[in-house]
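Descriptive structure summary
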Amino acid sequence: HFWQNAGINSTVTNAGISDPHIMYDPSSGRWFASEINVSSTGNQMMVARSNSSDPTAGWKAVNFRANVGFGDYPALSVDGNSVYISVNNFTSDVGNFSGTSLFNIPKTDLLQSTPVVTNMTAFENLAPAARGFTLQAAETFGTSPTHGVIVSTALDSSGNYVSGIINRFNVNNPTGAGATLTSNT
């Protein structure tokens with residue numbers, strides 16, 4: 001009942017839920033949580049924040065579509081400005097890998113009395129050869145970076161892992177709508 005108590009409609013969770021993540025953010029004094037539902041296509045991502053530094057004192061949440069197919073293996077990260085959620089995309093819950101997506105949500109949107117994703121920038125269906133597999137944002141607690149740092153496992157143009165190579169790129173302007181991605185290094 002966690003998600004319903006946080007404000008998510010039970011029609012979202014009735015499909016089943018999977019892959020929970022939770023982390024504490026010392027810069028805001030809040031806990032953040034994420035989880036996907038398991039609808040076979042068009043599944044939902046749920047993201048919540050605690051009402052205080054006490055995770056037993058209530059939560060508020062919002063949801064959005066993880067992928068038109070199936071967004072799986074979500075990752076959750078927080079820095080001084082934003083909450084970053086990424087998923088690996090598949091054509092359906094039993095389908096083929098089709099790319100990755102990264103969602104940059106300004107922390108101020110989630111800290112409102114009713115969380116929103118109004119200023120979220122969605123980088124959807126990023127090409128595997130360009131951005132890799134299983135994106136993960138770096139957690140930089142206690143600082144307010146001017147950009148988010150994302151790393152991923154490198155893939156070649158055929159979708160095979162490239163041994164010993166990790167992609168690194170930044171999310172520029174993460175504090176509002178219209179964030180952008182830099183080139184890989």
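That block above? That's the structure.
Let me begin by describing the structure that accompanies this report. (Residues numbered from 1 in each chain as written. Predicted model: local features only at pLDDT ≥ 70, side-chain atom pairs only at ≥ 80, totals over all residues. Heavy atoms only, no water.)

What follows covers the nonpolar core. Side chains that are nonpolar tend, in soluble globular proteins, to be buried together. Residues Met45, Val47, Phe64, Val83, Ile85, Ile105 and Leu110 are the most contacted members of the largest nonpolar core, which totals 19 residues. Those elements that provide at least two residues to this core are β2 (30–37), β3 (44–50), β4 (59–65), β5 (70–78), β6 (82–90) and β7 (97–106). Beyond its immediate chain neighbours, meaning those up to four positions away, Val83 contacts Phe32, Leu76, Ser77, Val78, Phe103, Asn104, Ile105, Lys107 and Leu110. Within the second largest apolar cluster, ten residues are counted, among which are Tyr84, Ala137, Ile150 and Val171. (Core = buried A, V, L, I, M, F, W, Y, C linked by side-chain atoms within 4.5 Å. Buried < 20%, exposed > 50% of the residue type's maximum accessible area, 1.4 Å probe, protein only. Helix = DSSP H or I, 4+ residues; strand = E, 2+ residues; numbered from the N terminus. Contact = heavy atoms within 4.5 Å.)

On to the side chain of Thr100, then. Among the secondary structure elements, Thr100 is positioned in strand β7. With near-sequence residues (within four places) excluded, Thr100 lies in contact with Val87, Asn88, Asn89, Phe123, Glu124, Asn125, Leu126, Arg131, Gly132, Phe133, Thr134 and Leu135.

Our focus in this paragraph is the sheet that holds β4. The strands making up a sheet associate through backbone hydrogen bonding, with each pair oriented either parallel or antiparallel. With antiparallel pairing, the four strands of this open sheet are ordered in space as β1-β2-β3-β4. Since the sheet does not close on itself, it has two edges, and those belong to β1 (17–25) and β4, each with one partner. Strand-to-strand, the axes of this sheet are offset by a mean angle of 15°, without reference to chain direction. Of the strand pairs in this sheet, β2 and β3 are connected by five bridges, and their pairing is antiparallel. Bridge pairing in β3 places Ile36 opposite Met45. (Pairing = 2+ DSSP bridges. Axes fitted to C-alpha atoms, helices over the stretch in contact; angles between N-to-C directions.)

Glancing now at unusual backbone geometry. At Thr134, a position not held by glycine, the phi torsion is positive, near 55°. Among the structural elements, Thr134 can be located in strand β9 (residues 133–137). A positive phi angle, close to 55°, is found at Asn173, a residue other than glycine. As for its position among the elements, Asn173 is in the loop between β11 (161–172) and β12 (180–181).

For the rest of this paragraph, the subject is empty space enclosed by the protein. Under the definition given, this model contains one cavity of 30 Å³ or more. Counted as a void, the largest cavity has a volume near 30 Å³. Lining the largest cavity we find Ala75, Leu76, Ser77, Tyr84, Ile85, Ser86, Leu102, Leu135, Gln136 and Ala137. Every element with two or more residues in the lining of the largest cavity is listed here: β5, β6 and β9. (1 Å grid on protein atoms, 1.4 Å probe; cavity = no way out; pocket = protein on both sides within 12 Å on 5 of 7 lines; lining within 4 Å. Points joined across faces, edges and corners; volume = space filled by probe spheres on them.)

Turning our attention to the sheet that holds β6. Ordered in space as β5-β6-β7-β8, the four strands form an open sheet in which the pairing is antiparallel. In this open sheet, the two strands that pair with only one neighbour each are β5 and β8 (121–126). The average angle at which neighbouring strand axes cross in this sheet is 15°, direction not considered. Sheet topology places β7 next to β8; four bridges connect them, and they run antiparallel. Counterpart to Asn104 in the pairing with β8 is Thr121.

This brings us to the packing of aromatic side chains. Overall, the coordinates contain seven aromatic pairs when judged by the stated rule. When the ring of Phe2 is compared with that of Trp59, the centres are 5.2 Å apart and the planes differ by 70°; the resulting orientation is edge-to-face. Highlighted residues: Phe2 in helix α1 (residues 2–5) and Trp59 in strand β4, separated in sequence by 57 residues. Each ring, one from Tyr73 and one from Phe90, has its centre 6.1 Å from the other, and the planes form 65°; the classification is edge-to-face. With Tyr73 in strand β5 and Phe90 in strand β6, this residue pair connects regions lying 17 residues apart in the sequence. Grouping aromatic residues by their ring pairs yields a cluster made of Tyr73, Phe90, Phe97 and Phe133. Directly above the ring of Phe169 sits Arg131, whose terminal nitrogen or CZ lies 4.2 Å from the centroid. (Phe/Tyr/Trp six-rings, centres within 6.5 Å; stacked < 30°, edge-to-face > 60°. Lys NZ or Arg CZ within 6 Å of the ring centre and 35° of its normal.)

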